[in-house]
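Single-letter residue listing:
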Amino acid sequence: MNPEHEEIAVVGAGLAGCLLACFLARRGYRVALYERRPDPRTGRVERGRSINLALSERGLDALRRIGLAEQVLADALPMRGRMIHPVVGEPAFQSYSATGDRAINSISRGALNNALLTAATALPGVRVAFDHRLVGLDPATGEMTFETPQGKTTAAAPVVLGADGAGSAVRGQLLAYGVLQESLDFLDYGYKELTVPPVGGEFALDPAALHIWPRGTSMMIALPNPDRSFTCTLFWPTHGTASFASLTSPAAIERHFATHYPDLLPLAPNLVDDYQHNPVGVLGTVRCTPWQAGGRVGLLGDAAHAIVPFYGQGANCAFEDVVALDHCLDECADDWAAALPLFQARRQGDAEAIARMALANFVEMRDKVASPVFQARRRLDHALERALPGRYVSQYELVSFSTTPYARVRRRVRRQQAVLGAVAAGTAALLAGAVGVAWTRGRRR
Ligand code: FAD
């Protein structure tokens, strides 16, 4: 395709869609971004919907390529480790990296989206149609139908890219036309956002850490915001005797937090109001195949592979998708019919790998981070990383501080664990042998 002549349609001006528009415009394409919401730079923020997120190396790598990383990082708060809050006793800090100096970055989702939107619309050839909700798409012709405040309207494009998030309408249309299969695995956990405001103008908790309250069947995390508040996210089952549905009065809410999160309660003066009015979000993993139809409709980001948020990688992975698609277009000389299948072949294994690691990390954050065995394991990880630099690297470092493909991270970590297991078994056998010899000698004496 000759980039200069064709206008590509990108559905969804969220994180992936805006970044994609920037990359496509750099390649010389004209881009029409269709977004169901009004312009977020002038509109209202939705209450209780993931106000901030952790941006790490994969996301930063993508932003560097369009010269936006520095601007985004200027408003970010680096978090160098986890602060674990027990029910009783003092919080304990666990560094993310062996050297202690690597950080993931807490950023405002809205500010990041606005920065990307402004960067995209500043490029020649990019236009945004806000208040355009895609409701129909013919994958054979690229004809799209949108609902707008003025009624229904249609448009067509030679290539339509769905960056419209976990509940993707583009994916829904491919499903309706029978050209795609999907599986949606919802957790029986949901999430609710709560706020810890500044105290006397200062952060109420250490802003250089991601705070975790691991409670087995529930978990709370808190990330700092530039206005010195913290956004807390409570993960809990949606139904049952111990669940979001079980706290029905202000007294019950306060009692629950006093029992399970006693150090948080005095820091959250609006707790009851937040709890009663903020929505419970759903959490799940979206899998589908294929990610494209006929070389003219493609999916990326959450639209293709939404994951649970426990590794802080959904947006990072979506940004990495954009870089990967750009490479595929390079390799296929902008032949979309070749580039879209190649993109799927390259990325599907990686998306599946991070989906699995994210699910496993839920158990780790919820149940294990507070246990002495887990803490000893982390210390061993860091000791090995220092002793064998570059040869032994922990899963967390590979996921958050490198751009090693996720599938390769999983394979490498499995190999490292196998070697460690063999070393541990060998050491145990040697020790057992030594003890046996000593015991036999002792008996002979
Ligand atoms: P989205 O950000 O969902 O954007 C989709 C866009 O499409 C939106 O603007 C939407 O309005 C628009 N749209 C939807 N339907 C239509 C339609 N029919 N027509 C037109 N437009 C449409 N990721 C991280 O990397 N780090 C984190 O710390 C992190 N924390 C998270 C915490 C929580 C609680 C949750 C729920 C998620 C978290 N994530 C995190 C994941 C991250 O939010 C997503 O992976 C990321 O937003 C995906 O980007 P996207 O552009 O693919 O989709």
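Residues numbered from 1 in each chain as written. Predicted model: local features only at pLDDT ≥ 70, side-chain atom pairs only at ≥ 80, totals over all residues. Heavy atoms only, no water.

## What to know about a positive patch on the surface
Line of reasoning, step 1. Together, Arg408, Arg411, Arg414 and Arg415 make up a region of like positive charge exposed at the surface.
Line of reasoning, step 2. Tracing the chain through its elements places Arg411 in helix H13 (residues 406-444).
Line of reasoning, step 3. Residue classification places Arg411 among the partly exposed residues on the basis of a relative accessible area of 45%. (Patch = residues over 30% accessible without salt bridge, like charges linked within 9 Å, V, L, I, M, F, W, Y side chains within 5 Å. Areas by Shrake-Rupley, 256 points an atom, 1.4 Å probe, with all protein chains shown as cover. Salt bridge = Lys/Arg side-chain N within 4 Å of Asp/Glu carboxyl O. Lys, Arg positive; Asp, Glu negative; His and termini not counted. Charge placed at Lys NZ, Arg CZ, Asp CG, Glu CD. Helix = DSSP H or I, 4+ residues; strand = E, 2+ residues; numbered from the N terminus. Buried < 20%, exposed > 50% of the residue type's maximum accessible area, 1.4 Å probe, protein only.)

## Considering the sheet that holds strand E7 (residues 104-108)
Line of reasoning, step 1. Taking strand neighbours across the sheet as the criterion, the 3 strands line up as E3-E7-E4 in an open arrangement whose pairing is antiparallel. Lying at the two open borders of the sheet, with one neighbouring strand each, are strand E3 (52-55) and strand E4 (77-79). Across this sheet, the average inter-strand angle for adjacent strands is 35°, counted without regard to direction.
Line of reasoning, step 2. Across 3 bridges, E4 lies against E7 in antiparallel orientation. In the strand pairing of E7, Met79 is matched with Ile104. (Pairing = 2+ DSSP bridges. Axes fitted to C-alpha atoms, helices over the stretch in contact; angles between N-to-C directions.)

## Observations concerning the UniProt feature "transmembrane region" (unreviewed entry) in the protein chain
Line of reasoning, step 1. UniProt records the feature "transmembrane region" (unreviewed entry) for residues 6-25 and 418-439 in the present numbering.
Line of reasoning, step 2. The straight-line gap between the two end C-alpha atoms of residues 6-25 is 11 Å; of that span, 55% is helix and 25% is strand. (UniProt positions renumbered as here; feature names shortened; annotations may be inferred.)

## Considerations on the environment of Ala140
Line of reasoning, step 1. Tracing the backbone shows Ala140 in the loop between strand E9 (133-138) and strand E10 (143-148).
Line of reasoning, step 2. On the accessibility criterion, Ala140 (58% relative accessible area) is exposed.
Line of reasoning, step 3. Remark: the alpha-carbon pair of Ala140 and Gly295, spanning 155 residues in sequence, is separated by 9.8 Å.

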